[in-house]
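Here are the chains, one letter per residue:
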Amino acid sequence: MWVLLRSGYPLRILLPLRGEWMSRRGLPRSLVPGPPRRRYRKEALPALDVPVLPVTTTEIRQYLRAHGIPFQDGHSCLRAPSPFVGASQLKDQTSATTSFNLFIDKTTGRFLCMTSLAEGSWEDFQASVEGRGDGAREGVLLSEAPEAEDSEEVRRIWDRAIPLWELPEPEEAHLARVMFGLTKVTDDTLRRFSVRYLRPARSLVFPWFSPGSLRLRGLKLLGAEGQGDGVHYVETTIPRPGAYHNLFGLPLITRRDVEVVLTSRELDSLALNQSTGLPTLALPRGTACLPPALLPYLEQFRRIVLWLGDDLRSWEAAKLFARKLNPKRCSLVRPGDHQPRPLEALNRGLNFSRILRTALPAWHKSIVSFRQLREEVLGELSNVEQVAGIRWGRFPDLNRLLKGHRKGELTVFTGPTGSGKTTFISEYALDLCTQGVNTLWGSFEISNVRLARVMLTQFAVGRLEDQLDKYDEWADRFEDLPLYFMTFHGQQSIRTVIDTMQHAVYVYDICHVVIDNLQFMMGHEQLSTDRIAAQDYIVGAFRKFATDNSCHVTLVIHPRKEDDDKELQTASIFGSAKASQEADNVLILQDRKLVTGPGKRYLQVSKNRFDGDIGVFPLEFNKSSLTFSIPPKSKARLKKIKDDNELVAKKPSSGKKGAVPQNSQTSQAPISSQADPSKPSR
């Protein structure tokens, strides 16, 4: 008996523009995709009392052999005969290639039948093979109708949309082409991909058809808005992003195709297919995520070229996606002035064949020469701001010191007990999450409900207790953030936590992991009775994870016990020096409220491996919004610290350049005019 289950991958992203919510903007009220659906909740990563190791490829192969199930080894999946194919469908399958139509993901064990579109987890597969299901073919098939609400919206919008070349006014058609950069894209290309235009919303409409049929499953609406000298595109998907798994262009792929080019936007796929004639597919979430549910549809290709964009973030995403797709068959188009995104290349008249020929292989040996790194070095020198990472929107002074948030780094964060470490780090991570950084929270000290309440208050920048009528509005916006929580609480084994993190990186393309805090994982370690050795092992494991998975890890560590009148230093971090040595960044939340009165907190950057800038800046806590962001009217100034511990203060509003009062005792004075906080006061 086989149990068929459906489970979507909730991949959500906030699309901000000038600080405003943009997920449904640009649609008239009559076409807005339905009311808020509070039944759609985020999926929590499981935590079990008995840790369960993730399934390995070897275990999957052994299980199939033990039960006499033939299989073929693929790039990222194993192929086996599907029991979900009816007798009439079996008659049409004349070759071994078409009969092996059940795809099993090598990493997660999830299966998908390409003929019946049935899917489920590895546990579902085992239960079905062993006859432990509740009944034959129960559950949900992907081929079944989606929610009636979404179906009605999809059909209503699709029927109102018309082909671009059928617009009654030529001026309107020309304006739409200019707005979306389609002046050189022909009507035949738009017709081949079934692209339409929704006049009331001034948006392009890209359809999502079921594989193997023309049944409409969903839509993506692309609106364009002017932003300075450029154009800002706003996407709206139906169903919501977590359930939108459309590889745009898939109906045009044939079984004979062995090479494909992946793009991050539908417009790029149109340009690339028109210029080269090659099969092209557009990823549903762009550079934010590649859902593993899409991997079976890419198994047939022997070569995959990833041409995702023209910035460093697209390049990093291409390298991450190549790991899922098997790097040995992937090639990457490096962003550059002469290798922009495909639509721009078409408008500039560039040679697509030459660009594709210069695509670099994603797989290389362990030892490389500078010749192989030469282009990457040039790319970093040419894109200094992008190399620095994603900048914080709420903490401009943190940008001046750290320059940005970068993948593959380890940040150690510490502060006195009760100083607000969790509250600050939640806003710190939330700031990045609202900019599209896929974030995984591991809160071992406080419950996820309490943490989510704090983050929702920070997101709304106000107390929702006093305005419950706006809760649903803010909750729906918060729900669309690419934010996930581990359900661990209390002491956990480092092996279990690392396995969960690796699963999240594979499934959700997590770029930032927050662990609060390290001490809660030390109780399960049986490597040694020495707590210092156990902590060194855990820090090393997180360091290795960050490097191997190109994922930023923020690790909260309690400091050792010190006098309240002394400020914390890097050496104040609990344990040996390994934590500060392994870390790329060390942040210390200094709390002077016990000495100087309430509200005297500031953040100290005591280590910055990226460019060496260290310093301190004040934090002002807002109790109503639970935020530490500095108000725009604050007079507090950033203070940098030289290597010789001398201070370099910004020029005061009234005074001589470089003047730094040494004996200021006024509590209202800017922090740049106070004594060095890194040294005890005399």
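Residues numbered from 1 in each chain as written. Predicted model: local features only at pLDDT ≥ 70, side-chain atom pairs only at ≥ 80, totals over all residues. Heavy atoms only, no water.

### Overview of the packing of helix α18 (residues 494-508) against helix α19 (residues 531-549)
Then step 1. Their axes nearest at 11 Å, the elements α18 and α19 cross at an angle of 10 degrees. One finds that α18 runs roughly parallel with respect to α19. For α18 against α19, the interelement crossing comes out right-handed. Packed against α18, whose contacting residues are Ile494, Arg495, Val497, Ile498, Met501, Gln502 and Val505, the element α19 presents Tyr537, Ile538, Ala541, Phe542, Phe545 and Asn549 at the interface.
Then step 2. For the contact of α18 with α19, the per-class residue count stands at 10 nonpolar, 2 polar and 1 charged. (Axes fitted to C-alpha atoms, helices over the stretch in contact; angles between N-to-C directions. Helix = DSSP H or I, 4+ residues; strand = E, 2+ residues; numbered from the N terminus. Parallel < 35°, antiparallel > 145°, perpendicular 65-115°, else oblique. Left-handed = near helix turned anticlockwise from the far one by under 90°. Contact = heavy atoms within 4.5 Å. Nonpolar A, V, L, I, M, F, W, Y, C, P; charged D, E, K, R; others polar.)

### Side note on the sheet that holds strand β13 (residues 230-238)
Then step 1. Within the open sheet, the 4 strands sit side by side as β10-β11-β12-β13. Their pairing is antiparallel. Looking at which strands have only one partner, the edges of the open sheet turn out to be β10 (196-198) and β13. In this sheet, adjacent strand axes meet at a mean angle of 30 degrees when their direction is disregarded.
Then step 2. As paired elements, strand β12 (residues 216-227) and β13 share 9 bridges and run antiparallel to each other. (Pairing = 2+ DSSP bridges.)

### Here's the deal with the confidence of the model for the chain
Then step 1. Of the residues in the chain, 76% have a pLDDT of 70 or more, and the chain-wide mean is 79.
Then step 2. Counted against residues more than four places away or in other chains, residues 1-52, with its pLDDT under 50, gives 168 contacts.
Then step 3. Below pLDDT 50 for its whole length, residues 643-682 participates in 46 contacts with residues either more than four positions away or in separate chains. (pLDDT = per-residue confidence, 0-100.)

### Quick look at the nonpolar core
Then step 1. Formed by 67 residues in total, the largest nonpolar core has its most connected members in Leu306, Met501, Ile515 and Phe542.
Then step 2. The element that contributes the greatest number of residues to this core is α18, accounting for 9 residues.
Then step 3. If sequence neighbours within four positions are ignored, Ile515 has contacts with Gly442, Phe444, Met486, Val497, Met501, Met521, Phe542, Thr554, Leu555 and Val556.
Then step 4. Core analysis: the second largest hydrophobic core is formed by 38 residues, Ile390, Phe395, Ala429 and Ala460 among them. (Core = buried A, V, L, I, M, F, W, Y, C linked by side-chain atoms within 4.5 Å. Buried < 20%, exposed > 50% of the residue type's maximum accessible area, 1.4 Å probe, protein only.)

### Remarks on the packing of aromatic side chains
Then step 1. Taken as a whole, this structure holds 19 aromatic pairs when the rule is applied.
Then step 2. When the centroid spacing of 5.4 Å and the interplanar angle of 25 degrees are considered together, the rings of Phe193 and Phe248 count as stacked. With Phe193 in the loop between α7 (187-192) and β10 and Phe248 in the loop between β13 and β14 (259-263), this pair connects stretches of sequence that are 55 residues apart.
Then step 3. Assessed through its relative accessible area of 5%, Phe193 is described here as buried. (Phe/Tyr/Trp six-rings, centres within 6.5 Å; stacked < 30°, edge-to-face > 60°.)

### Observations regarding the side chain of Ser128
Then step 1. Among the secondary structure elements, Ser128 is positioned in helix α4 (residues 122-129).
Then step 2. Reaching out from Ser128, the side chain makes a polar contact with the backbone oxygen of Asp124 at a distance of 2.7 Å. (Polar contact = N/O pair within 3.5 Å; in protein donor to acceptor, adjacent residues only side chain to side chain.)

### A short note on the sheet that holds strand β16 (residues 303-306)
Then step 1. An order of β15-β14-β16-β17-β18 is seen for the 5 strands of this open sheet, with the pairing classed as mixed. On the outer flanks of this sheet lie β15 (280-282) and β18 (360-361), each paired with one strand and no other.
Then step 2. As paired elements, β14 and β16 share 4 bridges and run parallel to each other. Within β16, the position partnered with Val261 by the bridge is Val305.
Then step 3. Seen against the sheet, helix α9 (residues 312-325) touches β14, β16, β17 (330-332) and β18 and runs at an angle of roughly 175 degrees to β17.

### Description of the pairing of strand β6 (residues 102-105)
Then step 1. Side chains Leu102 and Ile104 project from β6 onto one buried face, and the interleaved Phe103 and Asp105 project onto a second face that is buried too.
Then step 2. As defined by bridge partners, strand β5 (residues 77-80) adjoins β6 across 4 bridges and the pair is classed as antiparallel. Its bridge partner being in β6, Cys77 is matched across the sheet by Asp105.
Then step 3. Where β6 lies against strand β7 (residues 111-113), 3 bridges are found, and the strand directions are antiparallel. Across the sheet, residue Leu102 finds its bridge partner in β7, namely Cys113.
Then step 4. The hairpin turn running from β6 into β7, its antiparallel successor, is 5 residues long, and Gly109 in that turn takes a positive phi close to 85 degrees.

### Some details on helix α6 (residues 170-180)
Then step 1. Those residues of α6 lying buried are Glu172, Ala173, Ala176, Arg177 and Phe180. Each buried residue of α6 lies within a common arc of 135 degrees when the element is viewed along its axis, so the set occupies one face. Away from its buried face, by an angle of more than 90 degrees, α6 presents the exposed residues Pro170, Glu171, His174 and Leu175.
Then step 2. At the exit of α6 stands Gly181, carrying a positive phi of roughly 70 degrees. (Arc of directions from axis to C-beta.)

### Section: unusual backbone geometry
Then step 1. The omega angle of the peptide bond from Ile238 to Pro239 is 5 degrees, so this bond is cis rather than trans.
Then step 2. Relative to the elements of secondary structure, Pro239 occurs in the loop between β13 and β14.
Then step 3. The omega torsion across Asp516 and Asn517 is 5 degrees, close enough to zero to call that bond cis.
Then step 4. Summarising the element assignment, Asn517 is placed in the loop between β22 (512-516) and α19.
Then step 5. Here the phi dihedral of Val461 falls at roughly 55 degrees; this positive angle occurs in a residue that is not glycine.
Then step 6. When you line up the elements, Val461 lands in the loop between α16 (448-460) and α17 (471-479).
Then step 7. Judged by relative accessible area, which is 53%, Val461 ranks as exposed.
Then step 8. One non-glycine residue with positive phi stands out, namely Asp509, at about 55 degrees.
Then step 9. Take Asp509: it is sitting in the loop between α18 and β22.

### Some words on the pattern of salt bridges
Then step 1. Within the structure shown, the criterion is met by 30 salt bridges.
Then step 2. With a shortest N-O distance of 3.2 Å, Glu427 and Arg394 are connected by a salt bridge. Pair noted here: Glu427 is in helix α15 (residues 421-433) and Arg394 is in the loop between α13 (384-387) and α14 (396-402), with a separation of 33 residues, a long-range link.
Then step 3. Here Lys544 and Asp548 are joined by a salt bridge, their closest N and O atoms 2.6 Å apart. You can see Lys544 and its partner Asp548 sitting in helix α19, 4 residues apart, about one turn around the helix. (Salt bridge = Lys/Arg side-chain N within 4 Å of Asp/Glu carboxyl O.)

### Structural notes on the packing of α16 against α17
Then step 1. α17 packs onto α16 with a crossing angle of 100 degrees between their chain directions and a minimal axis gap of 10 Å. By the angle class used here, α16 and α17 are roughly perpendicular. For the pair α16 and α17, contact is made by Ala452, Met455, Leu456, Phe459 and Ala460 and by Tyr471, Trp474, Ala475, Arg477 and Phe478, respectively.
Then step 2. A class-by-class count of the residues in the contact of α16 with α17 yields 9 nonpolar, no polar and 1 charged.

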